[in-house]
Amino acid sequence: QVQLVESGGGLVQPGGSLRLSCTASGSISSINGMGWHRQAPGKQRELVAGITSGGNTNYADSVKGRFTISRDNAKNTVYLQMNSLKPEDTAVYYCNALVAQRGSNYRSYWGQGTQVTVSS
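Below is a summary of the structure that appears in this document. (Residues numbered from 1 in each chain as written. Predicted model: local features only at pLDDT ≥ 70, side-chain atom pairs only at ≥ 80, totals over all residues. Heavy atoms only, no water.)

1. Points about the pairing of strand S7 (residues 67–72)
- The two faces of S7 differ: Phe67, Ile69 and Arg71 on one face are buried, but Thr68, Ser70 and Asp72 on the other face are not.
- The pairing of S7 with strand S8 (residues 77–82) spans six bridges and is classified as antiparallel. By the bridge assignment, arginine 71 is partnered in S8 with valine 78. (Buried < 20%, exposed > 50% of the residue type's maximum accessible area, 1.4 Å probe, protein only. Helix = DSSP H or I, 4+ residues; strand = E, 2+ residues; numbered from the N terminus. Pairing = 2+ DSSP bridges.)

2. Describing the nonpolar core
- If you look at the biggest cluster of nonpolar residues, it comprises 30 residues, and the most contacted ones within it are Trp36, Val48, Phe67, Val78, Leu80, Met82 and Tyr93.
- In terms of residue count, the dominant contributor to this core is strand S9 (residues 91–100) (five residues). (Core = buried A, V, L, I, M, F, W, Y, C linked by side-chain atoms within 4.5 Å.)

3. So, the sheet that holds S8
- The four strands are arranged S1-S3-S8-S7 in an open sheet whose pairing can be described as antiparallel. Edge positions in the sheet fall to strand S1 (2–7) and S7, since each has one partner strand and no second. With direction set aside, neighbouring strand axes in the sheet form an average angle of 15°. (Axes fitted to C-alpha atoms, helices over the stretch in contact; angles between N-to-C directions.)

4. Some details on the packing of aromatic side chains
- Using the criterion set out here, one finds zero aromatic pairs in the structure.
- Stacked on the ring of tyrosine 79, the Lys or Arg arginine 19 has its end atom at 4.1 Å from the ring centre.
- Cation over ring: arginine 45 sits above tyrosine 94, and NZ or CZ is 3.7 Å from the ring centre. (Phe/Tyr/Trp six-rings, centres within 6.5 Å; stacked < 30°, edge-to-face > 60°. Lys NZ or Arg CZ within 6 Å of the ring centre and 35° of its normal.)

5. Quick notes on the side chain of glutamine 101
- Position of glutamine 101 relative to the elements: it lies in the loop between S9 and strand S10 (106–110).
- Judged by its relative accessible area of 19%, glutamine 101 falls in the buried class.
- Non-local contacts of glutamine 101, meaning those with residues more than four positions away in its chain, are made with Gln1, Val2, Ser27, Ser29 and Tyr109. (Contact = heavy atoms within 4.5 Å.)

6. So, the pattern of salt bridges
- Counted according to the given criterion, the structure contains four salt bridges.
- As a salt-bridge pair, arginine 38 and glutamate 46 come within 2.7 Å of each other at their nearest N and O atoms.
- Take arginine 38: its relative accessible area is 6%, and that puts it in the buried class.
- Across the pair lysine 64 and aspartate 61 runs a salt bridge, and its minimum N-O distance is 3.1 Å. (Salt bridge = Lys/Arg side-chain N within 4 Å of Asp/Glu carboxyl O.)

7. Here's the deal with unusual backbone geometry
- With a phi angle near 55°, asparagine 76 is a residue other than glycine that sits in the positive phi range.
- Along the polypeptide, asparagine 76 turns up in the loop between S7 and S8.
- For asparagine 76, a relative accessible area of 23% translates into the label partly exposed.
- One non-glycine residue, serine 84, lies in positive phi territory at about 50°.
- Examined against the element boundaries, serine 84 turns out to sit in the loop between S8 and S9.
- Overall, serine 84 belongs to the partly exposed group, its relative accessible area being 41%.

This is how it looks when you write it as structure tokens:
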């Protein structure tokens, strides 16, 4: 079984910063892409940022220049550094990873979500 555990959410004022972390654990053979999605109340879940195993990244237009995704392959961990936060960044942030266990194909796994609230 594979688990993704997120941390780092919270309440921050507009213009502030937060750093989210997500660590995959369990019987893991390999991890391909990892990413962060978010879902605001009444809205669909959307991709925020993604990173391949080789370090290639992509971002939603709304966060380009403010958010940075990175990963530590040795720790099976992905990070999301969020700067210049805006009220519209308020959402539950979910970690996602494509994980292969021994003898199995890659499967998509999700974390439980961490709340980010940007408010004065």
